[in-house]
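Here is what each chain is made of, one letter per residue.
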Amino acid sequence: MKKLMLILVFVVGALALTNPKEADYREHIRQKEGLAGTVGMAVADLISGGKKGGIQRKDFIIASRFYMGGDGVLPRENLAWGIGKQFIETKN
């Protein structure tokens, strides 16, 4: 039982340390979509008008949810979940 608990603590700690940040998601979009993704993020940042920018992150310690809008002109749109430096795109 102690070994199982130790493994569980190790896995949760590893996921917490590799939880992707907003900059990681922006880089993922740049690599995946190229110039169109970069321009899209810039336009979202301009339209949102807030200090946070167009793409925001909700942190759940071992995972993060990335979304666009929600306050201001843009309606909220869930974009992806991030866990272990990987991204899982969501469909609306």
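Residues numbered from 1 in each chain as written. Predicted model: local features only at pLDDT ≥ 70, side-chain atom pairs only at ≥ 80, totals over all residues. Heavy atoms only, no water.

## Topic: helix α1 (residues 2-17)
Note that an α-helix has 3.6 residues per turn; residues three or four places apart therefore point the same way. Here α1 is 16 residues long and its end C-alpha atoms lie 22 Å apart, about the 22 Å a rise of 1.5 Å per residue gives. By the criterion of burial, α1 is predominantly exposed, with just 0 of the 16 residues buried. (Helix = DSSP H or I, 4+ residues; strand = E, 2+ residues; numbered from the N terminus. Expected span 1.5 Å × (residues − 1). Buried < 20%, exposed > 50% of the residue type's maximum accessible area, 1.4 Å probe, protein only.)

## Points about the sheet that holds strand β3 (residues 77-83)
As summarised here, the arrangement of the 4 strands in space is β1-β2-β3-β4, forming an open sheet in which the pairing is antiparallel. Across the chains shown, the open sheet's two edge strands, defined by having one partner strand only, are β1 (55-59) and β4 (86-89). Across this sheet, the average inter-strand angle for adjacent strands is 30 degrees, counted without regard to direction. As defined by bridge partners, β3 adjoins β4 across 4 bridges and the pair is classed as antiparallel. By the bridge assignment for β4, Ile83 is matched with Gln86. (Pairing = 2+ DSSP bridges. Axes fitted to C-alpha atoms, helices over the stretch in contact; angles between N-to-C directions.)

## Observations concerning the side chain of Arg26
Inspection of the secondary structure puts Arg26 in helix α2 (residues 22-48). Accessibility expressed as a relative area gives 12% for Arg26, which makes it buried. A polar atom in the side chain of Arg26 sits 3.0 Å from the side chain of Asp45. In this structure Arg26 touches Met41, Asp45, Gly54 and Ile55, once residues within four positions along its chain are discounted. (Polar contact = N/O pair within 3.5 Å; in protein donor to acceptor, adjacent residues only side chain to side chain. Contact = heavy atoms within 4.5 Å.)

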